[in-house]
Amino acid sequence: MGKRSSAVHLARVVRKYKDREYVSFLLRRSYREAGKVRHETLANLSALPAQAIADLRASLAGRRLVDAEEAFQVTRSLPHGHVAAVWAMARKLGFPALLGPAGPQRDLAMALIIARVCRPGSKLATTRWWQDTTLAVDLGVADASTDQVDAAMDWLGDRQEGIQRRLARRHLEPGGLVYYDLSSSWVEGRCCPLAARGSSRDGKRGLAQIEYGLLTDPQGRPVAVEVFAGNTGDPATVPGTVARIRDRFGIGRLVMVGDRGMLTSARVEALGALGGVGWITTLRAPAIAALADAGVVQPSLFDQTNLAEVAHPDDPGERLVVCRNPLLGAERARKRAELLAATQAKLDKVVAAVQAGRLADPATIGVKVGRVLGRFKMAKHFTLDIADRHFAYTPNQPAIDTEAALDGIYVVRTSMAARELGAAEVVEAYKRLALVERDFRSLKTVDLELRPIHHHLEQRVRAHVLVCMLAAYLVWHLRQAWAPLTFTDQTPPPRSDPVAPARRSPAATRKAATQQTADRTPAHSFHTLLEHLATLSRDDITFAGPTPTAIQKLTTPTPTQHKAFQLIHTVIPPTLA
């Protein structure tokens, strides 16, 4: 009887010889003959590579093998991690409900805020940028025009009062500290009604600008912002801000903390007349000098401590905390010496010009000298003698010595009673104004690039500043959450002396020296961490076959990316849905 049927297969054969095992891969044909199954070895494939043997086994099993490059195609890869992290934090903070009812305009407003954190730019540049991320696709804003973006900003601006009221309820407490400061940014163009020339904090003299006041809680968390005309003085914004906090935010009693340019003596008197409003600020240099002349401020106050509380009979309703910072004193002495030397060098040139006969008219000499003294702000420290064909000067040493005696001394003044805040707590409360200044740096340069402003309509400018403020609110929380991954000091040591400069913890010093975190991963700045998160992409993959299959898949996160999402208490979302 002949061979009826046969099948070819790959057999793995194990043989033992002298307590050792030998594995062979044999290509065999099995067939039935005379009612019995028989095997015929066609080839010994043991010498082939393991992958070749595996491919042959799959082929014999009926599977179709294709080239790896032809098996699938990555049709698109979009950066995802950075927008996903900011979006996740925004949802954790309740931004969808905070902004307003669901709809296309809210999606656009959310996209604008997230984009301002990840990649600040003009509105046109933003609409181009987010098309190359998952943000546009997932939030449905990929086809948004600049007109639609402007409409979404108007929609958001109409809700500013409600948004800020809800933030105030979250973070401001009745009777608690409220921090306020003013800054400015220049405006491009000439059509904005808010744009005006004023005292520029950007060093952009001659350019129109706007002013905006930022309100924060004691931790420096942005709560509200208001835009003013560019020629508005700092003190003029205080009454409206207090009224907004009390009337619109529903906080009847508060303590306003502002610098000496903001809370002037006139504004302090006005706040006192309102009732229920406390304040903390500092004295200007002339007022400190007057206290020294009256014997209230004396060097003996600082024999054992760097701060002392004093009283003055002219101001019975307030407390004065006099502080001395030796490092600040040394810095002021160094700067004054440099300015005096620079002024004398320039004045010596004027003296030489007069002696050489190049300058003769007293008016011309006065103009030259005035420019020198105006440049270095040292007029009070020199005595001048100007006449026809004559110019001489002498340093006013008594004035220099009087100013030097107050180097490093500043006075914090407050209406708060001692039972509410001790002297050291008053100083600490005032020094936290540095957190507001940090927020301004974040808004203007470091993180969000609020300036320059290209909008022309008043409501559009206000909405632009609001978008930046809400982005700053997100950045504040992200910086707090990601502190273990960045150079931020997570555990700054407590300050036994509120006047002394802040110190970094040993862990932060070690992190800065090694440029590594506690778990030996590279330490990042906030921006490089966002850039690293952006390398976590979402890929569109299409598999070849009679019926092609398409899927979306995230790239495998790095340990740092995985940790970043852990720190904001969320998994990596595959979509922003």
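The notes below deal with the structure included here.

Scoring rules and cut-offs
- Residues numbered from 1 in each chain as written.
- Predicted model: local features only at pLDDT ≥ 70, side-chain atom pairs only at ≥ 80, totals over all residues.
- Heavy atoms only, no water.
- Pairing = 2+ DSSP bridges.
- Helix = DSSP H or I, 4+ residues; strand = E, 2+ residues; numbered from the N terminus.
- Axes fitted to C-alpha atoms, helices over the stretch in contact; angles between N-to-C directions.
- Core = buried A, V, L, I, M, F, W, Y, C linked by side-chain atoms within 4.5 Å.
- Buried < 20%, exposed > 50% of the residue type's maximum accessible area, 1.4 Å probe, protein only.
- Contact = heavy atoms within 4.5 Å.
- Phe/Tyr/Trp six-rings, centres within 6.5 Å; stacked < 30°, edge-to-face > 60°.

Comments concerning the sheet that holds strand S15 (residues 537–543)
Two orientations exist for strands paired in a sheet by backbone hydrogen bonds: parallel and antiparallel.
Link 1 in the chain: Read across the open sheet, the 3 strands follow the order S4-S15-S16; overall the sheet is antiparallel. Each having just a single partner strand, strand S4 (72–79) and strand S16 (549–554) make up the two edges of the open sheet. Ignoring strand direction, the axes of neighbouring strands in this sheet form an average angle of 20 degrees.
Link 2 in the chain: As defined by bridge partners, S4 adjoins S15 across 7 bridges and the pair is classed as antiparallel. Along S15, the bridge assignment pairs Gln73 with Thr542.

Details of the nonpolar core
Link 1 in the chain: By size, the foremost hydrophobic cluster in this structure holds 119 residues, and its most contacted members are Phe95, Leu99, Trp130, Leu135, Ile280, Leu470 and Trp482.
Link 2 in the chain: At 15 residues, helix H18 (residues 458–481) tops the list of elements feeding residues into this core.
Link 3 in the chain: Excluding residues that lie within four positions of it along the chain, Trp482 makes contacts with Ala85, Phe526, Leu529, Leu530, Leu533, Ala564, Leu567 and Ile568.
Link 4 in the chain: The next biggest cluster of nonpolar side chains, apart from the first, holds 17 residues, and it includes Leu340, Leu373, Met378 and Phe382.

Thoughts on the packing of aromatic side chains
Link 1 in the chain: All chains considered together, the criterion is met by 6 aromatic pairs.
Link 2 in the chain: With centroids separated by 5.9 Å and ring planes inclined at 50 degrees, the aromatic side chains of Phe72 and Phe543 adopt a geometry described as tilted. Remark: Phe543 occurs in strand S15 and Phe72 occurs in strand S4; sequence separation between them is 471 residues.
Link 3 in the chain: Ring centres 5.7 Å apart and planes at 70 degrees place the aromatic pair Phe382 and Tyr393 in the edge-to-face group. Within this pair, whereas Phe382 is found in strand S12 (residues 382–387), its partner Tyr393 is found in strand S13 (residues 390–395), the two being separated by 11 residues in sequence.
Link 4 in the chain: A connected cluster of aromatic rings, assembled from ring pairs, spans Phe382, Phe391 and Tyr393.

In short, the description is geometric, and any link to function would need to be established separately.
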